[in-house]
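Chain and residue survey
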Amino acid sequence: VGHCHPDIVKAAHEQNQLLNTNSRYLHDNLVDYAERLSKTLPEKLCIFYFLNSGSEANDLALRLARQYTKHEDVIVLDHAYHGHLTSLIDISPYKFRNLEGQKEWVHVAPVPDTYRGLYREDHEDSVTAYANEVKNIIEQAHKKGRKIAAFFVESLPSVGGQIIPPAGYFQKVAEHVHKAGGVFIADEIQVGFGRVGKHFWAFQLQGEDFIPDIVTMGKPIGNGHPLACVATTKEIAEAFAATGVEYFNTFGGNPVSCAIGLAVLDVIEKEHLQAHATEVGNFLMKLLKEQKIKHPIIGDVR
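Computed from a predicted structure; not experimentally measured.

A word on the layout of surface pockets. In this approach the atoms are scanned with a rolling probe the size of a water molecule, which exposes any empty space left behind. Each pocket or cavity is described by its volume, and for the largest pocket that value is around 850 Å³. Taken together, 24 residues form the lining of the largest pocket, with Ile164, Arg195, Val196, Gly281 and Met285 sitting closest to its centre. Residues that form the lining of the largest pocket fall into these classes: 13 nonpolar, seven polar and four charged. Volume-wise, the second largest pocket comes out at about 460 Å³. If you trace the second largest pocket, you find 21 residues lining it, with Ser23, Leu30, Phe48, Tyr49 and Tyr247 closest to the centre. Elements represented by at least two residues in the lining of the second largest pocket include exactly helix 2 (28-38), strand 1 (47-51) and helix 8 (234-241). In terms of residue class, the lining of the second largest pocket is built from 14 nonpolar, five polar and two charged.

Below you can see the structure in the form of C-alpha cells.
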C-alpha cells in the first residue's frame, strides 16, 4: 500500500501507545483481524494462525499438513522457493540444488509453463498433461512405499519465472493429491492481497470451484511490518490441536501487528487498490504486447 502510508503509521503508533502483549492474552484486535481476513477467503478457510514471516507461515503449513495426513512427502514445482528455514530450503529446488540436494521425501514436478515448459500452447490439453505429471510422481512414490502429505505451490510461481498456471491445473492436481491422502497448500506470500487485480487471492484465478486446504500469507500483509498468517480448515486445525502440543508464537498476532493488518485491509479497500492493480496492469501489458509485435526477440510478456 506504499512506503510509510500515513494510515498504517497511525495505526501502529496508536496501538503501540496502548498495549503490546503476546497472543496468550486475549485482545480484540486478534479476533477483529481474523474476522476481516476471513471475509476475503472461501468460507471453508476459517481458522487462522498468526506469525511473523512468510517462512514461519510455510513451515507451519508443512507441520499442519503432516499432522493431518500422517504422511511425510511433499510435491513441489521445479525452481520453487518457499522460504529460508531449513524445512523450506528442503522443498525449494531453487535453493537445495546448490546445497545438499534433494531429500528422498521431496518430489519435483515440472512447472506448468505453456510458453517454455514441457507442454506448450499448441498442446491439445496442457492442463491435463501437467496434472498427470503430478499423478505419475504420486504413483512412483507409492511404489516405493512413500505417502504424500502435501502439494506445496505458489499460486503464481515467481522465482520460477512469473508463471501463470493454466486455469483448471490446480483443480486437477488437487484431485490427484486428495486421492493420495494429501492436502493442497497455496503459497500466497508474494502474490496475495489484491496484487493480481481481478481477485484478492491469486489462487482464485484458477476458478471459483477451486479452494486450497491451506493458504499462507506474508510480505504485503503488514506493508513491511513483520506479519504473516496461515489460513486453514477446521478439520486440519483440529488434527493439529489433538497432539496436545499447542502452537504458540510470542509475537505472532500481537495487538500492534493486528492493528497494522487491519489498517492494510482498510487502505486496500478505501483506495480501491485491487482495481488500481488491474488498471495499471492492463495498461502495462498492453504497451508491452505492442513492443512484442514490433520486436520478434520478445517471446512472451508476463
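What the rule picks out here adds up to 14 salt bridges. For Asp7, the salt bridge identified is with Lys270, shortest N-O distance 2.6 Å. In this pair, Asp7 sits in helix 1 (residues 6-18) while Lys270 sits in helix 9 (residues 255-270), placing the two residues 263 residues apart along the sequence. In this structure Asp7 comes out as partly exposed when scored by relative accessible area, which is 27%. Among the residues examined, Lys270 registers a relative accessible area of 53% and is labelled exposed.

One can find Thr86 in helix 4 (residues 86-89). Under the relative-accessibility criterion, Thr86 is labelled exposed at 64%. Each C-alpha atom, one on Thr86 and one on Asp59, is 9.1 Å from the other, the two residues being 27 residues apart in sequence.

This brings us to the sheet that holds strand 1. The strand order across the open sheet built from seven strands is 1-7-6-5-4-2-3, with neighbouring strands paired in mixed fashion. In the strand order of this sheet, the two ends are held by strand 1 and strand 3 (106-109), each with one partner. Averaged over all adjacent pairs, the angle separating strand axes in this sheet is 20°, with direction ignored. Here strand 6 (residues 214-217) pairs with strand 7 (residues 228-232) via four bridges, running antiparallel. Opposite Met217, over in strand 7, you have Cys229 as the bridge partner. Helix-sheet contacts for helix 8 involve strand 1, strand 5 (183-187), strand 6 and strand 7, and the interaxial angle to strand 1 is about 60°.

What follows is about the packing of helix 3 (residues 54-69) against helix 8. It is the contact of helix 3 with helix 8, at a shortest axis distance of 8 Å, that shows an interaxial angle of 85°. Here helix 3 lies roughly perpendicular to helix 8, going by the angle between them. Touching Leu60, Arg63, Leu64, Gln67 and Tyr68 of helix 3 are Glu235, Ile236, Ala239 and Phe240, all from helix 8. In terms of residue class, the contact of helix 3 with helix 8 is made up of six nonpolar, one polar and two charged.

Per the stated rule, a full pass over the model turns up two cavities of 30 Å³ or more. Every residue along the wall of the largest cavity is listed here: Leu77, Asp78, His79, Ala80, His82, Phe152, Val153, Glu154, Pro157, Ser158 and Gly160. At three residues, strand 4 (residues 148-154) tops the list of elements feeding residues into the lining of the largest cavity. A class-by-class count of the residues in the lining of the largest cavity yields five nonpolar, four polar and two charged. Of the voids in this model, the second largest cavity is the one considered here, and its volume is about 40 Å³. Contributing to the lining of the second largest cavity are Thr21, Asn22, Ser23, Tyr25, His27, Asn29, Leu30, Gly253, Asn254, Pro255 and Cys258. When residues of the lining of the second largest cavity are traced back to their parent elements, those giving at least two are helix 2 and helix 9. Here the lining of the second largest cavity is built from residues that sort into four nonpolar, seven polar and no charged.

What counts and how
Residues numbered from 1 in each chain as written. Predicted model: local features only at pLDDT ≥ 70, side-chain atom pairs only at ≥ 80, totals over all residues. Heavy atoms only, no water. 1 Å grid on protein atoms, 1.4 Å probe; cavity = no way out; pocket = protein on both sides within 12 Å on 5 of 7 lines; lining within 4 Å. Points joined across faces, edges and corners; volume = space filled by probe spheres on them. Nonpolar A, V, L, I, M, F, W, Y, C, P; charged D, E, K, R; others polar. Helix = DSSP H or I, 4+ residues; strand = E, 2+ residues; numbered from the N terminus. Salt bridge = Lys/Arg side-chain N within 4 Å of Asp/Glu carboxyl O. Buried < 20%, exposed > 50% of the residue type's maximum accessible area, 1.4 Å probe, protein only. Pairing = 2+ DSSP bridges. Axes fitted to C-alpha atoms, helices over the stretch in contact; angles between N-to-C directions. Contact = heavy atoms within 4.5 Å. Parallel < 35°, antiparallel > 145°, perpendicular 65-115°, else oblique.

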